[in-house]
There are 6 protein chains.
Amino acid sequence: MFLYLSTWAEIERFLERSRTIVIPIGSNEQHGPTGLLGTDWMCPEIIAGEAQKKADILIAPTFNIGMAQHHLGFPGTISLRPSTFIAAIGDWTRSLAGHGFEKIFFLNGHGGNVASIEAAFSEIYCEASFARRQSGFALKLCNWWDLEGVDKLARDQFPTGHGMHATPSEIAVTQWAYPNSTKSADYSPQIAPSGPIREALDFRARHPDGRMGSDPAQATPEKGRQLVELAAQSLVRALDAFSREAMPG
Amino acid sequence: MFLYLSTWAEIERFLERSRTIVIPIGSNEQHGPTGLLGTDWMCPEIIAGEAQKKADILIAPTFNIGMAQHHLGFPGTISLRPSTFIAAIGDWTRSLAGHGFEKIFFLNGHGGNVASIEAAFSEIYCEASFARRQSGFALKLCNWWDLEGVDKLARDQFPTGHGMHATPSEIAVTQWAYPNSTKSADYSPQIAPSGPIREALDFRARHPDGRMGSDPAQATPEKGRQLVELAAQSLVRALDAFSREAMPG
Amino acid sequence: MFLYLSTWAEIERFLERSRTIVIPIGSNEQHGPTGLLGTDWMCPEIIAGEAQKKADILIAPTFNIGMAQHHLGFPGTISLRPSTFIAAIGDWTRSLAGHGFEKIFFLNGHGGNVASIEAAFSEIYCEASFARRQSGFALKLCNWWDLEGVDKLARDQFPTGHGMHATPSEIAVTQWAYPNSTKSADYSPQIAPSGPIREALDFRARHPDGRMGSDPAQATPEKGRQLVELAAQSLVRALDAFSREAMPG
Amino acid sequence: MFLYLSTWAEIERFLERSRTIVIPIGSNEQHGPTGLLGTDWMCPEIIAGEAQKKADILIAPTFNIGMAQHHLGFPGTISLRPSTFIAAIGDWTRSLAGHGFEKIFFLNGHGGNVASIEAAFSEIYCEASFARRQSGFALKLCNWWDLEGVDKLARDQFPTGHGMHATPSEIAVTQWAYPNSTKSADYSPQIAPSGPIREALDFRARHPDGRMGSDPAQATPEKGRQLVELAAQSLVRALDAFSREAMPG
Amino acid sequence: MFLYLSTWAEIERFLERSRTIVIPIGSNEQHGPTGLLGTDWMCPEIIAGEAQKKADILIAPTFNIGMAQHHLGFPGTISLRPSTFIAAIGDWTRSLAGHGFEKIFFLNGHGGNVASIEAAFSEIYCEASFARRQSGFALKLCNWWDLEGVDKLARDQFPTGHGMHATPSEIAVTQWAYPNSTKSADYSPQIAPSGPIREALDFRARHPDGRMGSDPAQATPEKGRQLVELAAQSLVRALDAFSREAMPG
Amino acid sequence: MFLYLSTWAEIERFLERSRTIVIPIGSNEQHGPTGLLGTDWMCPEIIAGEAQKKADILIAPTFNIGMAQHHLGFPGTISLRPSTFIAAIGDWTRSLAGHGFEKIFFLNGHGGNVASIEAAFSEIYCEASFARRQSGFALKLCNWWDLEGVDKLARDQFPTGHGMHATPSEIAVTQWAYPNSTKSADYSPQIAPSGPIREALDFRARHPDGRMGSDPAQATPEKGRQLVELAAQSLVRALDAFSREAMPG
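Residues numbered from 1 in each chain as written. Chains lettered and ligands numbered in written order. Predicted model: local features only at pLDDT ≥ 70, side-chain atom pairs only at ≥ 80, totals over all residues. Heavy atoms only, no water.

1. Section: the overall build of chain A
When you go through chain A residue by residue, the secondary structure sums to 8 helices and 3 strands. In terms of overall dimensions, chain A is globule-like: its C-alpha atoms have a radius of gyration of 18 Å, near the 18 Å expected for 249 residues. Seen through its principal axes, chain A has C-alpha atoms that stretch 55 × 35 × 30 Å. By residue count, 65% of the 249 residues in chain A fall in the buried class. (Helix = DSSP H or I, 4+ residues; strand = E, 2+ residues; numbered from the N terminus. Rg over C-alpha atoms; globule rule 2.2 N^0.38 Å. Buried < 20%, exposed > 50% of the residue type's maximum accessible area, 1.4 Å probe, protein only.)

2. Regarding the pattern of salt bridges
Counted under the stated rule, the structure contains 96 salt bridges over all chains. Of the charged contacts in the structure, one is a salt bridge between C:Asp202 and C:Arg206, with a shortest N-O distance of 2.8 Å. You can see C:Asp202 and its partner C:Arg206 sitting in helix α7 (residues 200-206), 4 residues apart, about one turn around the helix. Taking the relative accessible area as the measure of exposure, C:Asp202 reaches 2% and is therefore buried. Here C:Arg206 falls in the partly exposed class, since its relative accessible area comes to 26%. We note a salt bridge from D:Glu245 to E:Arg198, for which the minimum N-O separation is 2.7 Å. Separated into two different chains, D:Glu245 in the segment after α8 (221-244) and E:Arg198 in the loop between α6 (168-177) and α7 (200-206) make up a pair that spans both. Its relative accessible area of 27% is what places D:Glu245 among the partly exposed residues. Each of the salt bridges in this network shares a partner with another, and the network as a whole consists of A:Arg81, B:Asp91, B:Arg94 and B:Glu127. (Salt bridge = Lys/Arg side-chain N within 4 Å of Asp/Glu carboxyl O.)

3. Structural notes on the sheet that holds strand β1 (residues 20-25) of chain D
Residues and elements named next belong to chain D. One open sheet accounts for 3 strands, arranged β1-β2-β3; its pairing is parallel. With partners counted over all chains shown, the strands left at the sheet margins are β1 and β3 (138-143), one partner each. Neighbour-to-neighbour, the strand axes of the sheet open up by a mean angle of 20°, direction not taken into account. Where strand β2 (residues 103-108) lies against β3, 6 bridges are found, and the strand directions are parallel. (Pairing = 2+ DSSP bridges. Axes fitted to C-alpha atoms, helices over the stretch in contact; angles between N-to-C directions.)

4. Quick word on unusual backbone geometry
The amide bond that connects E:Ser188 to the next residue, E:Pro189, takes the cis arrangement and shows omega of 0°. Mapped onto the elements, E:Pro189 comes out in the loop between α6 and α7. Despite not being glycine, C:Arg132 has its phi angle at roughly 50°, a positive value. We note that E:Ala166 has phi near 60°; this positive angle belongs to a residue other than glycine. Among the structural elements, E:Ala166 can be located in the loop between α5 (150-157) and α6.

5. Points about the interface of chain C and chain D
Taken together, the 49 residues of chain C in the interface contact 49 residues of chain D. Here chain C meets chain D over a buried area of about 4,000 Å², counting both sides, of which 62% is carbon and sulfur. Three residues stand out in chain C for area buried against chain D, namely C:Tyr4, C:Trp8 and C:Pro75, and they jointly supply 18% of the buried area on that side. Inspection of the region where chain C meets chain D yields 6 salt bridges. D:Lys183 is the salt-bridge partner of C:Glu10, the closest N and O atoms lying 2.7 Å from each other. At the junction of chain C with chain D, the criterion picks out 24 residue pairs in polar contact (both at pLDDT 80 or more). Within the residue set of the side of chain C that touches chain D, elements represented by two or more residues are α1 (8-17), α2 (39-54) and α3 (82-99) of chain C. Element by element, the count of residues in the side of chain C that touches chain D is highest for α3(C), at 9 residues. Considering only residue class, the side of chain C that touches chain D consists of 24 nonpolar, 17 polar and 8 charged. (Contact = heavy atoms within 4.5 Å. Buried area = accessible area lost by both parts, 1.4 Å probe. Polar contact = N/O pair within 3.5 Å; in protein donor to acceptor, adjacent residues only side chain to side chain. Nonpolar A, V, L, I, M, F, W, Y, C, P; charged D, E, K, R; others polar.)

6. Examining the relation of the copies chain C and chain D
You can overlay chain C on chain D at an RMSD of 0.0 Å; the transform is a turn of 180° with a shift of 0.0 Å along its axis. Both copies are brought into coincidence by an operation consistent with a two-fold rotation axis. Considering only C-alpha atoms, the residue of chain C closest to the rotation axis is C:Thr84, which sits at 3.3 Å. Mapped onto chain D, 100% of the interface residues of chain C again fall at the interface, so both copies present the same surface. (Least-squares fit on C-alpha atoms with pLDDT ≥ 70 in both.)

7. Concerning helix α2 (residues 39-54) of chain A
Between its first and last C-alpha atoms α2(A) spans 23 Å; for 16 residues at 1.5 Å apiece the expected length is 22 Å, and the two agree. Taking burial as the measure, the 16 residues of α2(A) include 13 buried ones, the bulk of the element. (Expected span 1.5 Å × (residues − 1).)

8. As for the sheet that holds strand β2 (residues 103-108) of chain E
Residue and element names in this part refer to chain E. The 3 strands are arranged β1-β2-β3 in an open sheet whose pairing can be described as parallel. The open sheet has two free edges, formed respectively by β1 (20-25) and β3 (138-143), since each of these has just one partner strand. The sheet shows a mean angle of 20° between the axes of neighbouring strands, taken without regard to direction. Seen against the sheet, helix α4 (residues 114-130) touches β1, β2 and β3 and runs at an angle of roughly 175° to β3.

9. A closer look at the packing of helix α5 (residues 150-157) of chain B against helix α8 (residues 221-244) of chain B
Residues and elements named next belong to chain B. Look at α5 against α8: their axes get within 10 Å of each other, and the N-to-C directions meet at 165°. The pairing of α5 with α8 is recorded here as roughly antiparallel in orientation. By crossing handedness, the relation of α5 to α8 is classed as right-handed. Counting all contacts with α5, which are made through Val 150, Leu 153, Ala 154 and Gln 157, the residues of α8 involved are Lys 223, Gln 226, Leu 227, Leu 230 and Ala 231. The residue makeup of the contact of α5 with α8, split by class, is 6 nonpolar, 2 polar and 1 charged. (Parallel < 35°, antiparallel > 145°, perpendicular 65-115°, else oblique. Left-handed = near helix turned anticlockwise from the far one by under 90°.)

10. Re the environment of F:Asn108
Residues and elements named next belong to chain F. Within the secondary structure, Asn 108 is located in strand β2 (residues 103-108). Here Asn 108 falls in the buried class, since its relative accessible area comes to 0%. Once the C-alpha coordinates of Asn 108 and Cys 43 are considered, the two residues, 65 residues apart in sequence, prove to be 8.6 Å apart. What Asn 108 contacts, discounting residues up to four positions off in sequence, is Ile 25, Gly 26, Pro 44, Asn 113, Val 114, Ile 117, Leu 141, Cys 142, Asn 143, Trp 144 and Trp 145.

11. Thoughts on the arrangement of the chains
Separated throughout, chain B and chain E approach each other most closely at a C-alpha pair spaced 17 Å apart. Spatially, chain C and chain F are disjoint, and the shortest separation between their C-alpha atoms is 17 Å.

12. Focus on the environment of E:Val236
All names here are of chain E. Structurally, Val 236 can be placed in helix α8 (residues 221-244). Remark: the alpha-carbon pair of Val 236 and Arg 155, spanning 81 residues in sequence, is separated by 22 Å. What Val 236 contacts, discounting residues up to four positions off in sequence, is Ala 51 and Ala 55.

13. A word on the confidence of the model for chain A
Taken residue by residue, chain A gives an average pLDDT of 97. The fraction at 70 or more is 99%. Interface confidence in the predicted complex, given as ipTM, is 0.97; pTM for the same model is 0.98. (pLDDT = per-residue confidence, 0-100.)

14. Details of the side chain of A:Ser181
Residue position: A:Ser181 is located in the loop between α6 (168-177) and α7 (200-206). What makes A:Ser181 buried here is its relative accessible area of 12%. With residues near it in sequence (within four places) discarded, A:Ser181 still touches A:Leu36 and B:Leu5.

15. Looking at the packing of α6(A) against helix α8 (residues 221-244) of chain A
Residues and elements named next belong to chain A. Across the interface, α6 lies against α8 with an axial gap of 7 Å and an inter-helix angle of 100°. Put simply, α6 runs roughly perpendicular to α8. Residues Ser 169, Ala 172, Val 173, Gln 175 and Trp 176 of α6 form the contact with α8, whose participating residues are Pro 221, Lys 223, Gly 224, Arg 225, Leu 227 and Val 228. Looking at the contact of α6 with α8 residue by residue, the class counts come to 6 nonpolar, 3 polar and 2 charged.

16. Observations concerning helix α4 (residues 114-130) of chain A
Residues and elements named next belong to chain A. With 17 residues, α4 ought to run about 24 Å at 1.5 Å a step, and its terminal C-alpha atoms sit 24 Å apart, in line with that. At Ile 124, α4 shows its maximal bend, which comes to roughly 25°. Burial analysis of α4 places 14 of its 17 residues in the buried class, which makes it a mostly covered element. Immediately beyond the C-terminal end of α4, within one or two residues, lies Arg 132, with a positive phi of roughly 50°. (Bend = angle between axes of the 7 residues up to and from the residue.)

17. Some points on the environment of D:Asp156
All names here are of chain D. The topology assignment puts Asp 156 in helix α5 (residues 150-157). Along the primary structure Asp 156 and Ile 46 are separated by 110 residues, whereas in three dimensions their C-alpha atoms are 21 Å apart. Side chain to side chain, Asp 156 and Lys 152 meet in a polar contact 2.8 Å long.

Printed below as a string of structure tokens:
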């Protein structure tokens with residue numbers, strides 16, 4: 001069930017049977033010569049969309065711009081500062097918690113978001129903690145590749161050249177969901193170099209075509225289908241477990 | 001051309017032929033008993049999507065959460081504070097301007113966003129103005145119903161009961177684009193009351209089912225199709241005019 | 001009754017008979033070759049001052065610096081960033097609401113303030129809306145030229161060349177109230193050009209003498225007197241209506 | 001010369017002969033049973049107004065709301081948070097410095113403002129200091145009672161019961177300038193108590209009628225006249241000295 | 001008793017017998033050719049450390065970075081912006097007040113901190129004052145040289161050349177506590193010049209070796225011992241008086 | 001070499017031979033029934049102190065308060081909000097980078113700091129990345145237990161009951177450095193439970209004595225000595241490698 005395709009009255013009824021919501025969250029940033037700029041927010045959106053076909057879960061609109069400052073040297077990247085990101089996640093959370101959502105699950109598609117999202121959680125909890133009161137909600141961050149079994153499947157599919165950015169697994173997912181947008185290019189070198197992540201110009205100097213440690217040529221739509229199917233199943237189970245967790249306090 | 005379905009290299013090439021980009025921007029908020037929560041961001045996304053089939057224009061990812069504090073009394077609404085909204089629009093703008101975009105066109109779908117978006121533009125321009133230097137870009141806000149001819153068509157389609165929120169025109173647009181998500185309900189009264197906009201509880205007390213002055217029962221997918229087609233054509237012309245405007249300075 | 005010429009005990013007694021207060025709010029910015037830099041905050045101050053002679057209303061100190069970033073290319077302009085403006089309006093509101101004022105009426109003299117003031121209202125209401133509680137106060141913005149009958153009078157007085165900035169109507173108001181400060185100049189062209197509003201250098205390039213679409217030479221003190229008198233009467237009525245509105249909730 | 005009664009062209013010419021500007025700055029806050037709520041911003045405004053009759057100096061609009069959180073327990077007080085105050089002083093400064101003002105003199109009327117204004121100066125200088133560059137301007141804070149000779153005169157006029165808040169000297173200044181607004185009351189005790197300054201409720205509990213250590217009954221318009229005349233003369237000299245100071249660097 | 005060398009259970013027990021805590025606060029900044037960069041935070045830390053040997057008082061960790069923007073022209077200086085400083089003091093205060101501390105005593109070692117710390121206090125009190133409620137705690141700022149008798153002793157020890165920065169008294173304190181870190185240099189002139197404090201480059205131009213009005217050559221460890229001993233005794237008495245003050249309200 | 005025990009002239013000379021600095025950073029928070037509140041900032045301070053005996057490295061003052069909101073349910077904990085933490089790390093970095101430090105190494109002692117520190121790095125890099133310029137410095141975060149070999153040693157020393165908070169390894173380090181502050185208590189259960197980290201009240205409910213998964217009774221000063229010695233050696237090597245890394249760009 002997609003929140004954006006529902007009426008408020010339908011959400012009111014959903015809240016009578018569940019207090020859990022999933023927010024697909026990612027980034028809009030370069031993904032190498034063939035990866036789509038939307039890859040990191042499309043992957044969790046695709047997986048969440050598949051999962052809601054299998055179970056009575058609620059999917060929030062996608063939080064599509066994240067923390068991608070190091071990719072700003074490549075055209076098309078859009079980034080929030082961490083401070084803006086933290087403020088926005090706070091507003092989303094306060095909006096949803098005020099409706100009665102008690103378990104807010106962020107399904108993340110961008111490793112560079114993790115620190116800022118966790119900092120945002122702490123910033124939100126601070127309100128309750130400084131006042132020594134209960135917040136009334138629990139926040140959970142989960143990268144889609146950390147859903148049960150997914151990382152193992154990706155390693156089986158791509159034993160070498162998986163890398164850290166513009167990985168064949170994320171590109172496979174978008175190939176399956178958006179087959180008309182599949183791009184091709186010659187990669188040189190076949191597996192991209194790695195290195196520390198600093199500001200945008202430094203990143204582009206180190207990674208001239210945008211990839212980090214990856215060989216996206218291995219991606220296929222079929223591998224994407226396998227990843228999405230497994231991830232969607234695992235997401236349903238993860239949400240069920242999160243829903244049954246005792247509330248903070 | 002959708003930015004999120006492109007590679008950075010494709011955007012680099014696009015910048016050689018154009019410096020203009022469209023950002024669909026809206027809100028995720030209650031739209032009465034039958035309107036979809038995503039209506040206000042889906043409408044500009046739908047129109048921009050149609051327009052990019054007709055012309056070589058570039059569509060950014062949709063900015064889907066706006067300023068909707070007064071709707072927070074209805075489940076499913078998600079709102080940013082104006083200060084967060086301003087910060088985020090600033091980061092989007094700085095990201096895009098740094099790539100060389102000089103004309104940034106916000107196609108808006110939510111009246112309640114207007115003040116905050118304009119305040120955001122002023123906040124961004126302040127950086128150049130305090131320093132008495134040129135910004136290097138121009139920002140434009142346009143509500144989709146203010147595109148040439150659109151308001152007249154809506155008034156012709158809905159001579160009474162168009163109203164200000166959960167209007168039949170916006171609902172028609174979503175009915176055309178998402179036919180499987182069309183909802184129905186009995187409206188009472190048929191045309192909803194109007195009133196001042198203050199905080200969320202006050203809004204819900206004044207507008208118990210969420211509508212303001214509207215009768216959404218008049219919406220049909222066909223009327224939506226007409227609106228989208230006209231708006232898309234007008235958007236292409238508006239972008240062309242904006243692109244040809246002299247740069248600030 | 002002016003708050004600044006009262007003691008706290010007098011305000012305490014005023015609150016027993018009314019919960020309404022007027023804040024004249026404007027901007028300090030260039031107004032063409034003959035307009036005073038203080039025009040936009042002096043006009044609402046003058047009108048409110050006249051109104052309090054006619055009725056038992058309370059006038060707060062004048063909020064004299066607003067959002068005028070686009071005028072910073074002309075010496076003497078002072079501007080707040082929208083974010084600062086929003087913070088300050090919030091502090092004024094919280095100060096007054098804590099004393100028991102329930103209806104806070106901003107009488108505005110600068111079109112460029114409107115977006116930021118409305119964004120400020122939303123920012124303030126957010127505190128109540130996120131918490132799903134009542135704010136306890138209502139905020140209203142009214143430009144002095146939107147007081148009942150005033151715009152019609154101005155159009156009658158100045159059928160051509162009224163324009164949008166450094167208008168003959170606002171200059172007439174200051175001529176009447178500050179007759180010793182009337183300035184004169186040759187205008188070229190007689191009616192100034194118009195255009196989009198962006199950053200300061202762009203504004204000055206488009207509007208070399210600071211005017212937008214106006215011919216201030218038509219201003220006279222007598223026309224100013226008529227405007228002030230009518231506006232003061234309409235303000236008293238507007239405040240009465242606002243005072244009798246039901247409180248939010 | 002008052003900036004608000006000038007045109008931008010007049011300020012442009014003033015800048016050719018001087019780079020110095022005076023900002024009267026104060027607070028709008030309770031001043032005991034007989035003191036006017038505007039006392040603290042009216043005093044520097046009155047003195048600056050008198051000084052500009054004697055010399056070619058430029059007076060900015062009055063910054064009329066300051067840091068008065070401890071007075072919020074008394075109706076009519078309006079306060080900024082220090083963080084808002086700092087932001088606003090920064091925007092005033094950046095606006096003026098961008099026009100070419102190099103010496104910005106804040107003539108202050110409220111002791112409670114001092115810390116926040118000095119913090120604001122440091123905040124502004126930080127921009128230059130972190131970048132290890134020159135700011136291009138110098139900021140100076142001067143309380144009107146610290147102008148040469150003024151404190152001695154006040155002590156001669158009021159050897160006992162001058163106190164720290166709602167002092168007879170500041171009330172005398174407003175009596176002279178606003179004779180129609182002189183108020184009277186019985187004071188009990190004749191000289192008010194003193195104590196630490198904390199939050200608003202604490203302040204009102206310690207100082208039930210708002211005074212701190214003062215006996216305002218000693219104020220007379222004539223004493224006010226003497227204070228204003230002396231302060232105005234000293235202000236002219238202070239500005240002259242400040243103007244001749246070498247620029248930072 | 002040092003908080004950092006205690007367990008939470010020991011602090012829980014301390015709160016049963018006292019609600020007062022001391023925070024040594026200073027700055028890390030250049031102190032002339034021989035003064036240590038840590039002088040301003042080490043002095044209050046040293047004095048507080050000595051005092052806790054004499055009485056059952058609790059010393060918080062040292063707040064070691066303050067507002068030192070004007071010293072940034074000298075290597076080793078680290079400064080917070082006032083806005084950051086205010087935010088951080090707020091968080092410290094909220095953390096401690098939530099544990100039940102009601103009297104929070106900031107023992108300060110840097111004159112340049114005073115304005116920002118006082119502004120921070122006002123910012124914190126604003127939360128209670130805007131809401132017209134009690135804060136539940138009292139904040140006190142005391143420079144170590146303002147502890148009873150200390151300034152007189154320093155003047156007796158250093159009748160000339162005490163100055164305002166890199167003073168012989170503060171250097172004596174660090175010489176006593178850190179005898180192995182005593183430095184020497186030729187001073188030229190023997191007593192440094194004074195002047196206004198603006199941005200960093202200006203400060204270094206006016207005070208080429210970093211001193212302001214001081215002759216640190218007069219410092220000796222023995223004089224430092226006398227200062228620390230007296231200051232520690234006075235601190236114990238000041239804390240006792242502060243503890244016995246009635247709570248705000 | 002400790003910065004706080006140096007003069008500015010000594011730092012100026014240091015910068016001629018190295019552009020690298022170490023900032024010990026931690027938290028002041030409960031560490032179970034026997035751990036010291038200062039454990040997390042003392043450990044990196046102790047290790048850095050030991051390392052500077054072995055090599056010509058420069059140690060900044062300790063950043064002693066971090067992000068510990070979840071521990072605020074236990075007396076003595078002091079926490080910054082992530083937003084404050086980010087602002088402060090930015091000011092430290094700008095201060096040091098302005099002096100010419102190009103490699104800033106944060107030696108961290110608190111797992112809960114990691115997300116906020118990484119978010120701070122991104123926030124700082126954003127300034128350069130939005131402007132598409134080079135920052136001129138590189139930032140590195142390293143937990144002391146991630147220094148080469150340290151984690152392996154700790155696992156050898158404490159094969160069971162090491163846990164995540166109030167670990168025997170960190171307590172051993174403080175026992176070695178502060179032998180007089182060693183505390184003892186009966187632990188029940190011997191190995192503490194684990195669980196998710198949310199707000200403060202929830203944390204205390206889940207972990208009644210403050211420990212997470214650890215058995216601190218295994219700590220001994222001798223094990224602490226081994227850890228410090230190894231960590232200090234590895235720190236020297238890590239700094240050397242970091243110093244030799246190519247600069248961003």
